[in-house]
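Examining the three-dimensional arrangement
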Amino acid sequence: MAEKAVSLNNPAYKRDEGALIRRIRDGEHELFYELIQPYERRVYSTAFAIVRNPADAEDVAQEAMLKAFKHLKQFRAEARFSTWLVQITLNEARMRIRREHAEVMQPVTNHQDEDGNYTPRDFADWREIPSETLERNEIRQKLIEALGSLGQKYREVFVLRDVQNLSIEETAKALGLSTASVKTRLLRARLMLRDLLTPGLNGGWSSKMSYAKGTKPW
């Protein structure tokens, strides 16, 4: 799914998007595809990160788009449309998982204490992950596999914050969590991913860019 080569943070684009939403609400339903086209890839990647299956991700993405169209009048302009759309997608993905009762990969449970807190392995190097490393196809694939091994609550936070680049506040709103909970889960997700990825990379990361800066791994 291709995205438009536009800046979604551009104020002019946001004004146009708001006008587009009003026109669709007023009956110009044929404009809906123009509204959602820039977000197709984002919706699919969110769905895939949760359900871990291309066919299921396609179904989830399509269902999310349909629900967004059906409930567009409920969208409130104080939130970004993209955040609202990702939230719908996330809910659809969760329902798909519940319906199928499928665990795609076993969640990481090692190094957790009785309260579920994650303790990183001693040998891991906690320096930041460089963008040029993440851009390598084989590393990106390993990251996708590692992400699938996280528990759902950690995977969701990581996907929204570090893959979709939502802010902490937007992530909290989408998941119905406090910002403190988002920060805690995000930190644990990053630590677990580093533990999973570091051995395959000979235990070393260079220190150029950080997940905390919103680096997108794919």
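**A closer look at the pattern of salt bridges**
Scanning all chains against the criterion turns up 7 salt bridges. R23 is the partner of E28 in a salt bridge, and the nearest nitrogen-oxygen pair spans 2.8 Å. Residue class for E28 comes out partly exposed when judged on its relative accessible area of 28%. Across the salt bridge formed by R190 and D162, the nearest N and O atoms sit 2.9 Å from each other.

**Some points on the environment of R52**
Among the structural elements, R52 can be located in the loop between α3 (40-51) and α4 (54-70). Judged by its relative accessible area of 14%, R52 falls in the buried class. Separated by 96 residues in sequence, R52 and G148 have C-alpha atoms that sit 6.9 Å apart.

**Observations concerning the confidence of the model for the chain**
Averaged over every residue, the pLDDT of the chain is 75; the share at 70 or more is 66%. Within the model, pLDDT remains below 50 along residues 102-116, and this stretch shows 26 contacts once partners closer than five positions in the same chain are excluded.

**Observations regarding the side chain of R96**
Here R96 lies in helix α5 (residues 81-100). Every residue in contact with R96, bar those within four places of it in the chain, is listed here: V51, D56, D59 and V60.

**Focus on the packing of aromatic side chains**
Counted according to the given criterion, the structure contains 6 aromatic pairs. Here Y44 and F48 contribute two aromatic rings whose centre-to-centre distance is 6.2 Å and whose plane-to-plane angle is 15°, an arrangement assigned as stacked. Of the two residues, Y44 and F48 are both situated in helix α3; the distance of 4 residues between them amounts to about one turn of the helix. Overall, the relative accessible area of 22% leaves Y44 in the partly exposed class. Of the residues examined, F48 reaches a relative accessible area of 23% and is grouped as partly exposed. Geometrically, the ring pair formed by F75 and F81 is edge-to-face, given 5.6 Å between the ring centres and 85° between the ring planes.

**Some thoughts on the side chain of S82**
Relative to the helices and strands, S82 resides in helix α5. Residue classification places S82 among the buried residues on the basis of a relative accessible area of 5%. Within the structure, S82 has its side chain in polar contact with the side chain of R42 (distance 3.4 Å). Ignoring sequence-local partners within four residues, the contact set of S82 consists of Y39 and R42.

**Things to note about unusual backbone geometry**
You will see that R52, though not glycine, has its phi angle at about 60°, which is positive. Backbone geometry at N165 places phi at a positive 65°, although glycine is not the residue there. Note that N165 resides in the loop between α8 (152-163) and α9 (168-175).

Each value, and the rule that gives it
- Residues numbered from 1 in each chain as written.
- Predicted model: local features only at pLDDT ≥ 70, side-chain atom pairs only at ≥ 80, totals over all residues.
- Heavy atoms only, no water.
- Salt bridge = Lys/Arg side-chain N within 4 Å of Asp/Glu carboxyl O.
- Buried < 20%, exposed > 50% of the residue type's maximum accessible area, 1.4 Å probe, protein only.
- Helix = DSSP H or I, 4+ residues; strand = E, 2+ residues; numbered from the N terminus.
- pLDDT = per-residue confidence, 0-100.
- Contact = heavy atoms within 4.5 Å.
- Phe/Tyr/Trp six-rings, centres within 6.5 Å; stacked < 30°, edge-to-face > 60°.
- Polar contact = N/O pair within 3.5 Å; in protein donor to acceptor, adjacent residues only side chain to side chain.

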